[in-house]
Amino acid sequence: MIADDEPIARQILEGYIAQIPNLELVASVKNAFEVMEVLQKHHVDLLLLDINMPKLSGLGLLKTLHKKPEVIITTAYAEYAVEGFELSVTDYLLKPFPLERFLQAILKVRQKLDRLGSKEEDITSLFVKSDKKIVKIDFNEIQYIEAYGNYTKVFTEKMILTPQTLTGILEKLPSNFIRIHKSFVINFKKLKHMESNQIVLQCEARLPIGKSFKNSVLDRIT
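Along each chain, the written sequence defines residue order, and numbers are assigned to residues from 1. Totals for whole chains, interfaces and linings use every residue, but because this is a predicted model, local features are given only for residues with pLDDT of at least 70 and side-chain atom pairs only at 80 or more, for both listing and counting. The side-chain numbers reported here are obtained from all heavy atoms of the structure, hydrogens and water having been left aside.

A. Summary view of the overall build of the chain. Labels follow the DSSP assignment, with helices taken as runs of H or I lasting at least four residues and strands as runs of E lasting at least two, numbered in each case from the N terminus. A count of helical and extended segments in the chain gives seven helices and 15 strands. Expressed along its principal axes, the backbone C-alpha trace of the chain runs to roughly 55 × 40 × 35 Å. Residues classed as buried in the chain amount to 43% of the 222 residues present. Excluding contacts between residues fewer than 6 apart, the proportion of contacts in the chain whose partners are at least 24 apart in sequence is 47%. Each accessible area is a Shrake-Rupley estimate made with a 1.4 Å probe; only the visible protein chains count as cover when residues are assessed. In the form shown here, the chain has an accessible surface area of approximately 12,800 Å², with 51% of it arising from carbon and sulfur atoms. Positive and negative side-chain charges in the chain, numbering 30 and 28 respectively, have mean positions lying 7 Å apart. The cut-offs for exposure are 20% and 50% of the maximum accessible area for each residue type, with area from a 1.4 Å probe on protein chains only; residues under the lower value are buried, those over the upper are exposed, and the others partly exposed. Here a residue-residue contact requires only that any non-hydrogen atoms of the pair lie within 4.5 Å. Counted charges follow a simple rule, with Lys and Arg positive, Asp and Glu negative, and His plus the chain ends left uncounted. Each charge is placed at NZ for Lys, CZ for Arg, CG for Asp and CD for Glu.

Now the structure itself:
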């Protein structure tokens, strides 16, 4: 996704993206609030982010995101580089930059995602606090997870109640877990079928699909 309030800057980046294999442009937006809206509905691996945008700056946006994609800053201002890297951006490009420099940044992102993917494959379980214990739960055993007030329910063959937040747990899960509602995350491998505005899992649980999540669920299915 591109986020830049300057139409010409967006056009240049769109042109660069079109020349690089295996890059797909999900959205091209002009402010931070549109970024938040897209991230709620679509999976985004990489955000090309300008700093100087109206209402909320690019760096201000990064500080608000709990789970963010990889980020490449694209800006005319060199003085924010240190703060950018403190927020774990992958690269910092000063406008105007040529296609070759943009390609270098993309390769950095790909290498980082490959490393994260390898680590994800090595991790097969989740640890949660429950009833004064630390409980180990294999990812493959999880059917779905439900927000429950100040607690979270993890459903395997049994239900495990933990004081950890749904968002906090989601950050530790692999990519086959997707949020379908503000209160529900499912293990996509356990999906049986979808009907109307409901997901039916192999355990026969029927869960609602939130309006703001429906497009991302359909994208994942298709």
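B. Quick peek at the side chain of asparagine 176. With respect to the helices and strands, asparagine 176 occurs in the loop between helix H6 (166–170) and strand S11 (177–181). Since its relative accessible area comes to 12%, asparagine 176 is described here as buried. Polar contacts, as counted here, are pairs of nitrogen or oxygen atoms within 3.5 Å of one another; within protein the pair requires one atom able to donate a hydrogen and one able to accept it, and residues that are adjacent in sequence qualify only if both atoms are side-chain atoms. Within the structure, asparagine 176 has its side chain in polar contact with the side chain of asparagine 187 (distance 2.8 Å). Setting aside chain neighbours within four positions, we find asparagine 176 in contact with Ile186, Asn187, Phe188, Lys189 and Arg220.

C. The sheet that holds strand S8 (residues 144–148), seen in detail. Pairing between two strands is assigned when DSSP locates at least 2 bridges connecting them. Spatially, five strands are ordered S10-S9-S8-S12-S11 in an open sheet, and the strand pairing comes out antiparallel. In this open sheet, the two strands that pair with only one neighbour each are strand S10 (159–162) and S11. Taking each pair of neighbouring strands and ignoring which way they run, the sheet shows an average axis angle of 25 degrees. In terms of strand pairing, strand S9 (residues 151–155) meets S10 through four bridges, oriented antiparallel. Fitted lines through C-alpha atoms give the axes, limited to the stretch in contact for helices. The angle between two N-to-C directions lies from 0 to 180 degrees.

D. Geometry of the packing of aromatic side chains. Here a pair means two rings of Phe, Tyr or Trp (six-membered ring of Trp) with centres within 6.5 Å. Their orientation is stacked below 30 degrees between planes, edge-to-face above 60, and tilted elsewhere. In the structure shown here, the tally under the stated rule is eight aromatic pairs. Relative to phenylalanine 177, the ring of phenylalanine 139 lies with its centre 6.2 Å away and its plane at 65 degrees, an arrangement referred to as edge-to-face. Note that phenylalanine 139 is positioned in the loop between strand S7 (133–138) and S8 and phenylalanine 177 in strand S11, a separation of 38 residues in sequence. By the ring-pair criterion, three or more aromatic residues cluster together here, those being Tyr16, Phe97 and Phe102. Here, over-ring charges are defined by two tests on the NZ atom of lysine or the CZ atom of arginine: distance to the ring centre within 6 Å, and angle to the ring normal within 35 degrees. The ring of tyrosine 148 carries the charged tip of lysine 153 above its face, separated from the ring centre by 3.9 Å.

E. Inspection of the side chain of aspartate 50 at higher detail. Relative to the helices and strands, aspartate 50 is located in the loop between strand S3 (46–49) and helix H3 (58–64). Non-local contacts of aspartate 50, meaning those with residues more than four positions away in its chain, are made with Ala3, Asp4, Asp5, Gly58, Thr74, Thr75 and Lys95.

F. Here's a closer look at the environment of serine 216. In this structure, serine 216 sits in helix H7 (residues 214–221). In sequence terms serine 216 and glutamate 83 are 133 residues apart; their C-alpha atoms lie 31 Å from each other. What serine 216 contacts, discounting residues up to four positions off in sequence, is Gln40, Lys41 and His42.

G. Main features of the pairing of S10. Burial along S10 is one-sided: Ile160 and Thr162 are buried, and none of Met159 and Leu161, which face the opposite way, are. In textbook terms, the turn of a hairpin is the stretch between consecutive antiparallel strands, and for S9 and S10 this stretch comprises three residues.

H. Quick peek at helix H1 (residues 7–18). For a helix, the expected span equals 1.5 Å multiplied by the residue count minus one. When the terminal C-alpha atoms of H1 are compared, their 17 Å separation across 12 residues agrees well with the 16 Å that a helix rising 1.5 Å per residue should span. Taken as a whole, H1 has its buried residues at Ala9, Arg10, Leu13, Tyr16 and Ile17. Buried residues of H1, viewed axially, fall in a sector of 125 degrees; they line one side. Away from its buried face, by an angle of more than 90 degrees, H1 presents the exposed residues Ile8, Gln11 and Ala18. This arc corresponds to the set of directions leading from the helix axis out to the C-beta atoms.

I. Representation of the environment of phenylalanine 85. Summarising the element assignment, phenylalanine 85 is placed in helix H4 (residues 81–86). Overall, phenylalanine 85 belongs to the partly exposed group, its relative accessible area being 44%. Residues phenylalanine 85 and phenylalanine 102 lie 17 residues apart in sequence; the distance between their C-alpha atoms is 17 Å.

J. Region of the structure containing unusual backbone geometry. With an omega dihedral of -10 degrees, the bond running from lysine 95 to proline 96 counts as a cis peptide bond. Tracing the backbone through its elements, the reader meets proline 96 in the loop between strand S5 (91–94) and helix H5 (99–122). Unusually for a residue other than glycine, aspartate 131 sits at a positive phi of about 50 degrees. For aspartate 131, the position within the fold is in the loop between strand S6 (125–130) and S7. With a phi angle near 65 degrees, lysine 132 is a residue other than glycine that sits in the positive phi range. Counting through the fold element by element, lysine 132 comes out in the loop between S6 and S7. The exposed category is assigned to lysine 132, whose relative accessible area is 89%.

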